[in-house]
Amino acid sequence: MPFGHDMVYSLATVVELINTATGDHDGLTDIDDLRTFVRSRRISGVGAVTVRDLTEVRTLRTDFHDIFTSSDRVSVVTRLNKLLGRTRITPRLTEHDGFSLHVHYFAPGASLAEHLAAECGVALAHVLAENEWERLRKCRAPDCDNVFVDESRNRSRVYCDSRTCGNRMHVAAYRARRRPESGQGKKRQALG
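Reading the values: rules and limits
Residues numbered from 1 in each chain as written. Predicted model: local features only at pLDDT ≥ 70, side-chain atom pairs only at ≥ 80, totals over all residues. Heavy atoms only, no water. Salt bridge = Lys/Arg side-chain N within 4 Å of Asp/Glu carboxyl O. Helix = DSSP H or I, 4+ residues; strand = E, 2+ residues; numbered from the N terminus. Buried < 20%, exposed > 50% of the residue type's maximum accessible area, 1.4 Å probe, protein only. Core = buried A, V, L, I, M, F, W, Y, C linked by side-chain atoms within 4.5 Å. Contact = heavy atoms within 4.5 Å. Phe/Tyr/Trp six-rings, centres within 6.5 Å; stacked < 30°, edge-to-face > 60°. Lys NZ or Arg CZ within 6 Å of the ring centre and 35° of its normal.

**Student:** Break down the pattern of salt bridges for me, citing the residues and quoting the values.
**Tutor:** Close approach of charged atoms allows side chains of opposite charge to pair. The tally for this structure, following the rule as stated, stands at twelve salt bridges. A salt bridge links Arg-61 to Asp-26, with the shortest nitrogen-to-oxygen separation between them at 2.9 Å. Of this pair, Arg-61 sits in helix 3 (residues 51-68) while Asp-26 sits in strand 2 (residues 25-26); the two residues are 35 residues apart in sequence, bridging distant segments of the chain. For Asp-66, the salt bridge is made with Arg-79, and the minimal N-O distance between the two is 3.6 Å. With Asp-66 in helix 3 and Arg-79 in helix 4 (residues 73-85), this residue pair connects regions lying 13 residues apart in the sequence. Its relative accessible area of 39% is what places Arg-79 among the partly exposed residues. When salt bridges with common partners are traced through the structure, they connect Asp-26, Arg-58 and Arg-61 into a single cluster.

Quick look at the structure:
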């Protein structure tokens, strides 16, 4: 995908935000969790984080999850347009924190949730405008709820992380192939 650093960074941010809620785990249970998320993603222009921010960001996380897991393009576009329609988008060029010149989309004074909705929503809109919406995926490992953006050339990535889910699934498939199947499996093992 030929996106600039800021778009790739916003896509990574939305993925990380969604993945704070996987299975029974919730990585945004309190304000400290939200502060940690803001620091780790180096989200600029954020003042004091409040309980209201936490509530709004958790709701936004659900909205983004619904976008990633929608089954068809029309649903993705409809959901994303609804999300973007709730934001005040004010594009402006900026340089900060060691990042080169890039575009910010959130309006000055925007809440944290509106900031994330604008920045991440615009990044997702670019993915859709490039007809790449199928790159928004849910991990195929049966015990994983994570989402990811498939940035592979041939759109072949199926696991959120090749070192964890991918490796685990490949090992399981290998063991299943090596498992003796009645007498035939024992003969193959004896010959091998």
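Next comes the rest of the write-up.
**Student:** So, unusual backbone geometry: which residues are in play, and what are the values?
**Tutor:** For Arg-42, which is not a glycine, the phi torsion comes out positive at approximately 50°. Looking at the secondary structure, you find Arg-42 in the loop between helix 2 (31-40) and helix 3. Arg-42 sits in the partly exposed class, given a relative accessible area of 42%. Even without being a glycine, Asn-131 presents a positive backbone phi close to 60°. If you trace the backbone, Asn-131 turns up in the loop between helix 5 (112-129) and strand 5 (136-138). Residue class for Asn-131 comes out partly exposed when judged on its relative accessible area of 48%.

**Student:** If you had to explain the nonpolar core to someone new, which residues and values would you point to?
**Tutor:** Grouped together as the largest cluster of nonpolar side chains are 42 residues, with contacts concentrated most on Val-14, Val-57, Phe-64, Ile-67, Phe-68, Leu-116 and Leu-124. Looking at this core, the elements that each hand over two or more residues are helix 1 (5-18), helix 2, helix 3, helix 4, strand 4 (99-106), helix 5 and strand 6 (147-149). If you tally residues by element for this core, the top one is helix 5, at eleven residues. Setting aside residues up to four positions removed in sequence, Ile-67 forms contacts with Val-76, Arg-79, Leu-80, Leu-83, Leu-124 and Leu-136.

**Student:** Go over the packing of aromatic side chains with me, naming the residues and quoting the values.
**Tutor:** Using the criterion set out here, one finds zero aromatic pairs in the structure. For the cation-ring pair, Arg-41 lies above Tyr-9, with the distance from its terminal atom to the ring centre recorded as 4.3 Å.

**Student:** Requested: an account of the environment of Gly-47, with residues and values cited.
**Tutor:** Along the chain, the position of Gly-47 falls in the loop between helix 2 and helix 3. We classify Gly-47 as exposed; its relative accessible area is 53%. Sequence separation between Gly-47 and Ser-111 is 64 residues, and the spatial gap between their C-alpha atoms is 8.9 Å.

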